[in-house]
Amino acid sequence: MTIQRRPRPQLRRQLAALAAVGGVLYLVAATAASPSARSALDEVGRQGELALGLLRAQLGDPDREEILPAAVSLAIGQSPVLVSGQEAVLRLRGTEEPDDSRDGDTPQPPSDVPPQPEAPLPEEPAQPDPPLVFADNGVEARTLVPSSPEGYIVSGGVYINNRTEYPLDASLLDGTFAAALPEEEGPQILIVHTHGSEAYTMPPGQEYEPSGESRTTDTSLNVVRVGDELAKTLEEAGLTVLHDPTLHDYPEYSGAYGRSLDAVNAYLAEYPTISFVLDVHRDAISDGDGTPYKVVSGVAGLNAAQMSFVIGTDGGGLEHPDWRENLKLAAAIQQRLTADYPTLMRPITVRNSRYNQHTTPGSLLVEMGAAGNSLDEALLSARLLGKALAETILEKGA
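Residues numbered from 1 in each chain as written. Predicted model: local features only at pLDDT ≥ 70, side-chain atom pairs only at ≥ 80, totals over all residues. Heavy atoms only, no water.

What exactly am I supposed to notice about the environment of arginine 346 here?
Along the polypeptide, arginine 346 turns up in the loop between helix 9 (323-340) and strand 10 (348-351). Residues arginine 346 and threonine 143 lie 203 residues apart in sequence; the distance between their C-alpha atoms is 9.1 Å. For arginine 346, the contacting residues outside a window of four places in its chain are Leu144, Asp283, Ile285, Gln306, Met307, Ser308 and Gln334. Within polar-contact distance, the side chain of arginine 346 engages the side chain of aspartate 283 at 3.2 Å. (Helix = DSSP H or I, 4+ residues; strand = E, 2+ residues; numbered from the N terminus. Contact = heavy atoms within 4.5 Å. Polar contact = N/O pair within 3.5 Å; in protein donor to acceptor, adjacent residues only side chain to side chain.)

Printed below as a string of structure tokens:
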């Protein structure tokens, strides 16, 4: 039987020391012709990473328990090239990432993608008692926030995407607006739906009978239902609201804005006390492959659908002299919402089309989430929007 003997600890340390000293002598020889420490280190880099290993051993590596014997450290200290590289090694160690970021278990976000801000919980939680529970509709969720002010007009937490040729600046967004509640009694707010059949993605078991892609004539499941929730919230705040459930986009989609304009004008003629007109829609958003996703913001432990205002102008040639007042109203409401829910609102978009907003200086078009959102998510946002709108216009009248 053959017995294998393990090297004694003292002999092992001696062999390690001889190997290290040999490495030092090799590096001293390799850098002997270098005119400076920098060029010497460059030469060391071309020869290998042995120098960095030796220097780390001399400086002490907090992640390792082993250190070189005193004789080896003394030999390193006799090499001016290696001593001059200590500062570079210290800087290198200071910029190294923790090991757990390189093991593939914890993927790191790309450096050019800013972290998504987390929406703080409101002082008055949006959750009723008992708490709401939303069923998952299985659609990928994203939170869309600007990564830079470049390309936007920014005032406080309000971002404006100007798609027109009109010059705009932040001085326009001073919190004032022309629209005001009437002194006479009567309806104050009108809610309409130019594209009333627009619907959402329902959870399994709650599907609807479609009338088109992401559309249904069932007003309990499309944006008309969202208008109901918005009207209810405004009425709870003491405002008087009219809600028109007409589907102006069904059975014919083309001409929907003309039909909804006729309806708005009829309401204004019958009820001259109406000062605010809200056209409630939902957006349609997909990725580069055409796959839809939903846009959300965290509110009291739930996903609320992100919202966005679309402001029309006379840039398309149609008369609309007071469009800036519509923009100022949208900015005032958005500023209030953003103070409590930083990611709830997407940037305001200003476009050349008029969108029937010439009817009153308090006319707005709002996108309540996207086709990928669930109805529950849009209803939560309707309650938040209604509360902010009521506070904004009531404070002006106070």
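Once you've had a look at it, read on.
What am I meant to see in the nonpolar core here?
One broad rule of soluble globular proteins: the nonpolar side chains tend to lie buried together. In this structure, Leu234, Leu327 and Leu337 are the most contacted members of the largest nonpolar core, which totals 59 residues. Per-element tally for this core: the top contributor is helix 10 (residues 375-397), with 11 residues. Beyond its immediate stretch of four places on either side in the chain, leucine 337 contacts Met307, Leu344, Met345, Leu384, Leu385 and Ala388. Core analysis: the second largest hydrophobic core is formed by 6 residues, Val192, Val264, Ile274 and Val277 among them. (Core = buried A, V, L, I, M, F, W, Y, C linked by side-chain atoms within 4.5 Å. Buried < 20%, exposed > 50% of the residue type's maximum accessible area, 1.4 Å probe, protein only.)

It is not clear to me how the packing of aromatic side chains should be interpreted in this structure. Could you clarify?
Geometry of an aromatic ring pair is reported as the spacing of the ring centres plus the angle between the planes. Counted under the stated rule, the structure contains 3 aromatic pairs. Between the aromatic rings of tyrosine 152 and tyrosine 159, the centroid separation amounts to 5.5 Å while the plane-to-plane angle is 85 degrees, which identifies the pairing as edge-to-face. Residue class for tyrosine 152 comes out partly exposed when judged on its relative accessible area of 30%. A relative accessible area of 21% means that tyrosine 159 is categorised as partly exposed. Looking at arginine 142, its charged tip hangs above the ring of tyrosine 293, at a distance of 4.1 Å from the centre. Lying over the aromatic face of tyrosine 166, arginine 324 brings its terminal NZ or CZ to 5.5 Å of the ring centre. (Phe/Tyr/Trp six-rings, centres within 6.5 Å; stacked < 30°, edge-to-face > 60°. Lys NZ or Arg CZ within 6 Å of the ring centre and 35° of its normal.)

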